[in-house]
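Read off the chains here:
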Amino acid sequence: FGASPVIATLSDGRDVIVAGQKSGDVHCLDAETGALIWRTKVGQGSALGGVHWGIAVSKKRVVVPIADPGSPRNDYQPTPGVYALDLDTGKVIWAHKAERGCTPENGQQRGARGRSGRNRWPACPRQFAFSAAASSTPELALASALNGHTMAFDLADGTVLWKSNTVQPYDTVNGIEAHGGAIDSAGAQVIDDMLFVQSGYGMFGQMPGNVLLAYRLKNPKRNSND
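Residues numbered from 1 in each chain as written. Predicted model: local features only at pLDDT ≥ 70, side-chain atom pairs only at ≥ 80, totals over all residues. Heavy atoms only, no water.

### Observations concerning the overall build of the protein
Cut-off, in case you're wondering: A run of H or I in DSSP becomes a helix once it reaches four residues, and a run of E becomes a strand once it reaches two; helices and strands are each numbered from the N terminus. To get the radius of gyration, use the C-alpha atoms; to get the globule rule, take the number of residues to the power 0.38 and multiply by 2.2 Å. The rule is simple: take the accessible area with a 1.4 Å probe, protein chains only, and divide by the maximum for that residue type; under 20% is buried, over 50% is exposed, in between is partly exposed. Residue contacts are defined here by distance: any two heavy atoms, one from each residue, within 4.5 Å place the two residues in contact. Here the open area of atoms and residues is found with the Shrake-Rupley method and a 1.4 Å probe, where only the protein chains shown may cover a residue. The convention is simple: Lys and Arg are positive, Asp and Glu are negative, and His and the chain ends are not counted. All charge positions are set by atom: Lys at NZ, Arg at CZ, Asp at CG, Glu at CD.
Scanning the protein for helices and strands turns up zero helices and 17 strands. Over its C-alpha atoms the protein spans a radius of gyration of 18 Å, differing by no more than 12% from the 17 Å that the globule rule assigns to 226 residues. For the protein, the spread of C-alpha atoms along the principal axes amounts to about 55 × 55 × 25 Å. Classification of the 226 residues of the protein by burial places 45% in the buried group. Long-range pairs, those at least 24 residues apart, make up 41% of the contacts in the protein with a sequence separation of at least 6. Carbon and sulfur atoms make up 50% of the accessible area of the protein, which amounts to about 12200 Å² in all. With 22 positive and 20 negative side-chain charges, the protein shows a separation of 8 Å between the mean positions of the two kinds.

### Here's the deal with the packing of aromatic side chains
Let me state the cut-off plainly: Between 30 and 60 degrees the pair is tilted, below 30 it is stacked and above 60 it is edge-to-face, where a pair is any two Phe, Tyr or Trp rings, Trp via its six-membered ring, whose centres lie within 6.5 Å.
According to the stated counting rule, one finds two aromatic pairs in the structure shown. Between the aromatic rings of Trp 162 and Tyr 215, the centroid separation amounts to 5.1 Å while the plane-to-plane angle is 80°, which identifies the pairing as edge-to-face. Taken as a pair, Trp 162 in strand E12 (residues 160-165) and Tyr 215 in strand E17 (residues 211-216) lie far apart in primary sequence, 53 residues in all.

### Considering the sheet that holds strand E2 (residues 15-20)
This is how the line gets drawn: Between any two strands, pairing holds if DSSP finds at least two bridges. All axes here are fitted lines through C-alpha atoms, helices being fitted over the stretch that makes contact, and every angle between N-to-C directions spans 0 to 180 degrees.
One open sheet accounts for four strands, arranged E1-E2-E3-E4; its pairing is antiparallel. Lying at the two open borders of the sheet, with one neighbouring strand each, are strand E1 (6-9) and strand E4 (36-41). The mean inter-strand angle of the sheet, taken between neighbouring strand axes irrespective of direction, is 20°. Inspection of the sheet shows strand E3 (residues 25-30) paired to E4 by five bridges, in the antiparallel sense. Residue Val 26 lies in a different strand from E4, and its bridge partner there is Thr 40.

### So, unusual backbone geometry
A positive phi is found at Lys 59, a non-glycine position, where the angle reads about 50°. Relative to the helices and strands, Lys 59 resides in the loop between strand E5 (56-58) and strand E6 (61-66). What makes Lys 59 exposed here is its relative accessible area of 59%. One non-glycine residue, Lys 60, adopts positive backbone phi at about 60°. Counting through the fold element by element, Lys 60 comes out in the loop between E5 and E6. The partly exposed category is assigned to Lys 60, whose relative accessible area is 32%.

### With respect to the environment of Thr 166
Within the secondary structure, Thr 166 is located in the loop between E12 and strand E13 (169-170). Residue classification places Thr 166 among the buried residues on the basis of a relative accessible area of 0%. Taking the C-alpha atoms as reference, Thr 166 lies 5.2 Å from Gly 180; in sequence the two are 14 residues apart.

From the geometry alone we can't say anything about function, so treat these as descriptive.
This is the structure in structure tokens:
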């Protein structure tokens, strides 16, 4: 277990602990007794697979990011993506499969190059699974991926409502040269009409970066296009 567990309440009023594991399993335990209520295997899992940094619970949905790396081989069948489970039963309600959507070219894609000669920010990143902690609101599931994409899903049915590719240079409020990269570890955070995302995680061959990004929802009451 590398991710923090979540305390939640079932429809029958029982308090439970919900925890995701690097094996790809999600467990729901009675908070009073520790008895297993349900267990659902969502990912194939590995040392760098399954649930890495955290799950989220909202509106009787458990939002589970899966970070399974690599390609299928023998009995290893990775299932990277974002999944929503029913809190009461553990049943998968919807699933968003992570896909690269492009073809890597042995690290020789366009982009700035590091000391090794490889592109730090390739046009087609090799890693694209969902490793960072998920977060949620009463309407949204929020998840970010190792390819630098941060996304908002409809919590009810998994429809992708918004996404942003953070792998790009940015002008910063403090004047420091900055570039987005892989999104890992900390997940997106929401407060009022603002969304905050940390972009850049230069370990395990992932794309480095050094930005804290702040997004604001369009709000007609502000009479603004922000």
